[in-house]
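Descriptive analysis of the structure
Letter by letter, the chains look like this.
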Amino acid sequence: MRIVFIGPPGAGKGTQAERIIEKYRIAHLSTGDMLRAARDAKTPVGVEAETYMAAGELVPDAIIIAIIAERLEQPDCQYGYLLDGFPRTLPQAEALDAMLAAKGTALDVVLELNVPEEELFQRLAGRGRADDQPDVIRQRLVAYREQTEPLLQYYRQQGLLKSVDGIGTVEEIFHRVEAVLDPYAC
Ligand code: AP5
Ligand code: MG
């Protein structure tokens, strides 16, 4: 199963991803987690990415696409994967389509987690990651609205988009997610 997980900052992608990968036995590919690991290890990519992440801006497409292209070659990806936070721009989505086509594969489903902005602020304010200060959260939301939301239409046109209400308990939301994903499980 190959899944793209889309949702604004704080929607609960990472929280639901933990449950999804456990149930469906697929790899979890979170570009945010990969960038934070690179930042903490002070690799050249990590050092460059940090300036964008700290400002709540998207890291340049070329860096992200290279990271994902390499990651998709790892053996664990052959059993399927959940892309959490990628793609986030149209060029990233097009690059992903090209990578999949080159492998003779395709996405099964694009899952959108829908949460209103007021709720996102409350969730992120209570977490305390380095990019969870109010002004950075605001910029992350702008980046989502301007650069990532257009992907919803891109995937809707391909008939791949399924939206799930992201308000409720973690368990309630996971039941909605399962209802969407179960038909694609082998
Ligand atoms: P990334 O790490 O992807 O962050 P994000 O999209 O901003 O989202 P978060 O990880 O903050 O939220 P989430 O949806 O995973 O929610 P979570 O489960 O944690 O990206 C970070 C940065 O990296 C970007 O700003 C960018 O700079 C860069 N980047 C990454 N990918 C990129 C790409 N493809 N291109 C360019 N740049 C890229 O939950 C949030 C909180 O809510 C938690 O405290 C959680 O406990 C709580 N919570 C979860 N579910 C519920 C619930 N149902 N009810 C109440 N609280 C809940
Ligand atoms: Mg996350």
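Summary of the structure given here. (Residues numbered from 1 in each chain as written. Chains lettered and ligands numbered in written order. Predicted model: local features only at pLDDT ≥ 70, side-chain atom pairs only at ≥ 80, totals over all residues. Heavy atoms only, no water.)

**Concerning the pattern of salt bridges**
Formally: Every case where a carboxyl oxygen of Asp or Glu lies within 4 Å of a side-chain nitrogen of Lys or Arg is listed as a salt bridge. Segments assigned H or I by DSSP are reported as helices when at least four residues long, segments assigned E as strands when at least two residues long, and all are numbered from the N terminus. Exposure is judged per residue with a 1.4 Å probe applied to protein chains only, and the accessible area is read against the type maximum: over 50% gives exposed, under 20% gives buried, and values in between give partly exposed.
Under the counting rule described, the total for this entry stands at 15 salt bridges. A salt bridge links Glu171 to Arg19, with the nearest nitrogen and oxygen atoms 3.5 Å apart. Separated by 152 residues along the polypeptide, Glu171 in helix α9 (residues 170-181) and Arg19 in helix α1 (residues 13-24) bring together distant segments of the chain. By relative accessible area, which is 26% here, Arg19 ends up partly exposed. The shortest N-O distance in the salt bridge between Arg140 and Asp131 comes to 3.7 Å. When sorted by exposure, Arg140 lands in the same class as Asp131, which is buried.

**Digging into helix α8 (residues 150-157)**
What counts, and what does not: Each direction from the helix axis to a C-beta atom contributes to the arc, which is the arc of those directions. Residue contacts follow a heavy-atom distance rule, with two residues in contact if any of their heavy atoms lie within 4.5 Å.
Within α8, the full set of buried residues consists of Leu151, Leu152, Tyr154 and Tyr155. Seen from one end, α8 has its buried residues packed into an arc of 160°, which puts them on one side. Those residues of α8 hidden inside the fold are in contact with β1 (2-6), α5 (90-103), β4 (109-114), α7 (134-148) and β5 (161-165).

**With respect to unusual backbone geometry**
Residue Pro87 is reached from Phe86 by a cis peptide bond, and omega for that bond is -5°. With respect to the secondary-structure elements, Pro87 resides in the loop between β3 (81-84) and α5. Notably, Lys42 is not glycine yet its phi reads approximately 55°, a positive angle. In this fold, Lys42 is placed in the loop between α2 (31-40) and α3 (44-55).

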